[in-house]
Amino acid sequence: MQSVFAFASGSVSACEHVIVELETNDKRIGRGSIVTMPWLYGDTTSNVVSAVKLLKSAAIGQDPFDIETIHSSMEKLMFGNAHAKAAIDFACHDLMGQLTSLPVCKLIGGQYRDRIDCTWVIGFRGVDERPHVE
């Protein structure tokens, strides 16, 4: 059975994702992914893919650890398009994690919690139907 998630601005039973892969000279692949929901975020899948095609040049040939330089280069190439930029950023962080053998949380300030509560939308399901998470 497929569930439908409804918001005030729309509903969704499936989402499209854009996956960005950045490959290093030694054949490591960093992956970043974002979801596109035009009715909620404004970006369509084709918009994000087109933006990534232009923006990825900011990361090609760069050290993934030089993330601020990559961000600055992306800003110079294109205004806005936060989802496309985020997917590239995520791919760079994935590469950093692989290259250091560290989880990304260690690269961005360290682990703060060992668990987090998930958002629960009131009215989506009854309180008794919430999934139990250990």
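Not measured: the values here are computed from a predicted model.

Asker: Tell me about the layout of surface pockets, and name the residues and values.
Answerer: Computed from the structure, the second largest pocket encloses a volume of approximately 210 Å³. Along the walls of the second largest pocket sit 13 residues, with E23, A59, I60, G61 and Q62 positioned nearest its centre. Looking at the lining of the second largest pocket, the elements that each hand over two or more residues are β3 (16-23) and α4 (82-100). Across the lining of the second largest pocket, the residue classes tally to 7 nonpolar, 4 polar and 2 charged.

Asker: Run through helix α3 (residues 67-77), naming residues and quoting values.
Answerer: Residues of α3 that are buried: I67, I70 and M74. Projected down its long axis, α3 shows its buried positions confined to an angular sector of 60°, all on one face. Exposed residues on α3 whose side chains face more than 90 degrees from its buried face are E68 and K76. Along its buried surface, α3 packs onto α2 (45-55) and α4.

Conventions adopted
- Residues numbered from 1 in each chain as written.
- Predicted model: local features only at pLDDT ≥ 70, side-chain atom pairs only at ≥ 80, totals over all residues.
- Heavy atoms only, no water.
- 1 Å grid on protein atoms, 1.4 Å probe; cavity = no way out; pocket = protein on both sides within 12 Å on 5 of 7 lines; lining within 4 Å.
- Points joined across faces, edges and corners; volume = space filled by probe spheres on them.
- Helix = DSSP H or I, 4+ residues; strand = E, 2+ residues; numbered from the N terminus.
- Nonpolar A, V, L, I, M, F, W, Y, C, P; charged D, E, K, R; others polar.
- Buried < 20%, exposed > 50% of the residue type's maximum accessible area, 1.4 Å probe, protein only.
- Arc of directions from axis to C-beta.
- Contact = heavy atoms within 4.5 Å.

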